[in-house]
Amino acid sequence: MLPSEYTSQGSLDDAKAVAERLGCHYDFVPIKGPRDAVTDTLAPLFEGYAPDLTEENIQSRIRGVTLMALSNKFGQMVLTTGNKSEMSVGYATIYGDMAGGYNPLKDAYKTTVFRAAAWRNTTVPRLAKGPPGEVIPQGIIDRPPSAELRHDQKDEDSLPPYDVLDAILLGLVEHEQGVDKLVAQGFDRETVIHVENLL
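A brief report on the enclosed structure follows. (Residues numbered from 1 in each chain as written. Predicted model: local features only at pLDDT ≥ 70, side-chain atom pairs only at ≥ 80, totals over all residues. Heavy atoms only, no water.)

**Things to note about the overall build of the chain**
For the chain, the count of helices and strands is nine helices and zero strands. The order of helices and strands in the chain, counted from the N terminus, is α-α-α-α-α-α-α-α-α. Over its C-alpha atoms, taken along the principal directions, the chain stretches across nearly 55 × 50 × 30 Å. The burial tally for the chain puts 34% of its 199 residues in the buried class. Counting contacts in the chain only where the partners sit at least 6 residues apart, residues at least 24 apart contribute 63% of the total. (Helix = DSSP H or I, 4+ residues; strand = E, 2+ residues; numbered from the N terminus. Buried < 20%, exposed > 50% of the residue type's maximum accessible area, 1.4 Å probe, protein only. Contact = heavy atoms within 4.5 Å.)

**Structural notes on the packing of aromatic side chains**
Counted under the stated rule, the structure contains zero aromatic pairs. Note that Lys110 overlies the ring of Tyr162, its terminal NZ or CZ placed 5.2 Å from the centroid. (Phe/Tyr/Trp six-rings, centres within 6.5 Å; stacked < 30°, edge-to-face > 60°. Lys NZ or Arg CZ within 6 Å of the ring centre and 35° of its normal.)

**Some details on the packing of helix α2 (residues 32-46) against helix α3 (residues 53-74)**
Contact pair α2 / α3: the axes reach a minimum separation of 10 Å and the direction vectors enclose 145°. Taken as a pair, α2 and α3 cross one another with a handedness that is right-handed. In this structure, α2 contributes Pro34, Arg35, Val38, Thr39, Leu42 and Phe46 to the contact, and α3 contributes Thr54, Glu55, Ile58, Gln59 and Ile62. Taken together, the residues that form the contact of α2 with α3 break down as six nonpolar, three polar and two charged. (Axes fitted to C-alpha atoms, helices over the stretch in contact; angles between N-to-C directions. Left-handed = near helix turned anticlockwise from the far one by under 90°. Nonpolar A, V, L, I, M, F, W, Y, C, P; charged D, E, K, R; others polar.)

**Regarding unusual backbone geometry**
We note that Tyr95 has phi near 65°; this positive angle belongs to a residue other than glycine. Position of Tyr95 among the secondary structure elements: in the loop between α4 (84-88) and α5 (110-120). For Asp152, which is not a glycine, the phi torsion comes out positive at approximately 55°. Among the structural elements, Asp152 can be located in the loop between α6 (138-142) and α7 (162-174).

**Regarding the pattern of salt bridges**
According to the stated counting rule, one finds 10 salt bridges in the structure shown. Between Arg150 and Glu56 there is a salt bridge; the shortest N-O distance is 3.1 Å. Here Glu56 lies in helix α3 and Arg150 lies in the loop between α6 and α7, a separation of 94 residues in the sequence. A residue is classified by how much of its surface remains accessible, and Glu56, at 11% relative accessible area, is buried. Residues joined in a network through salt bridges with shared partners are Glu5, Lys32, Arg35 and Asp36. (Salt bridge = Lys/Arg side-chain N within 4 Å of Asp/Glu carboxyl O.)

**A look at α5**
When we look at burial in α5, the residues that qualify are Lys110, Thr111, Ala117 and Arg120. Looking at the packing, one finds that the buried side of α5 touches α4, α6 and α7.

**Concerning the side chain of Asn121**
Along the chain, Asn121 turns up in the loop between α5 and α6. Given the relative accessible area of 11%, Asn121 is considered buried. Setting aside anything within four residues of it in sequence, one finds Asn121 in contact with Gly133, Glu134, Val135, Ile136, Gln138 and Ile141.

**Describing a nonpolar patch on the surface**
A surface patch of nonpolar side chains, about 400 Å² in accessible area, is lined by Met87, Ile94, Tyr95 and Met98. Within the fold, Met87 resides in helix α4. (Patch = residues over 30% accessible without salt bridge, like charges linked within 9 Å, V, L, I, M, F, W, Y side chains within 5 Å. Areas by Shrake-Rupley, 256 points an atom, 1.4 Å probe, with all protein chains shown as cover.)

Below, the structure written as structure tokens:
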């Protein structure tokens, strides 16, 4: 767990619960010190500019550096966390949550990830490791997704709800449909154009 002051108690509790339920090693490494050092270093250059996505992404990049250092030291591969919904629309940070050796969720839309998590809580695949029962706390599945890079941030501040986003992406990417066809199916034109532009 690599928390900043924006990390919710729910995220802290859920991360620890998942690690315990799966029997994974759990470390707690706050990133406030390194983030403050980078922010202070850049302060003279950023003077007169309001904080924005730049400062938010510093957190993600510090997490990437930290995880890659652990990978180098101990030989474990860092897995990136972006799913197909996020990666398709650029809702990820280069050298941050995109840093790693493999992305197991790269072909799964966010709604698929949620369904797979709920399924895993009721099913143990034949070759799976980990115990039966709920290994992913329901709070992770139910709460509004957030990168937690600023106070009260929600993914929906920047993106349509994932059920809408994924349906539009399925149309644009998987079925090669255009804006007009998706609008004819009932999607809001501005939303479809916004998603197409992000894509």
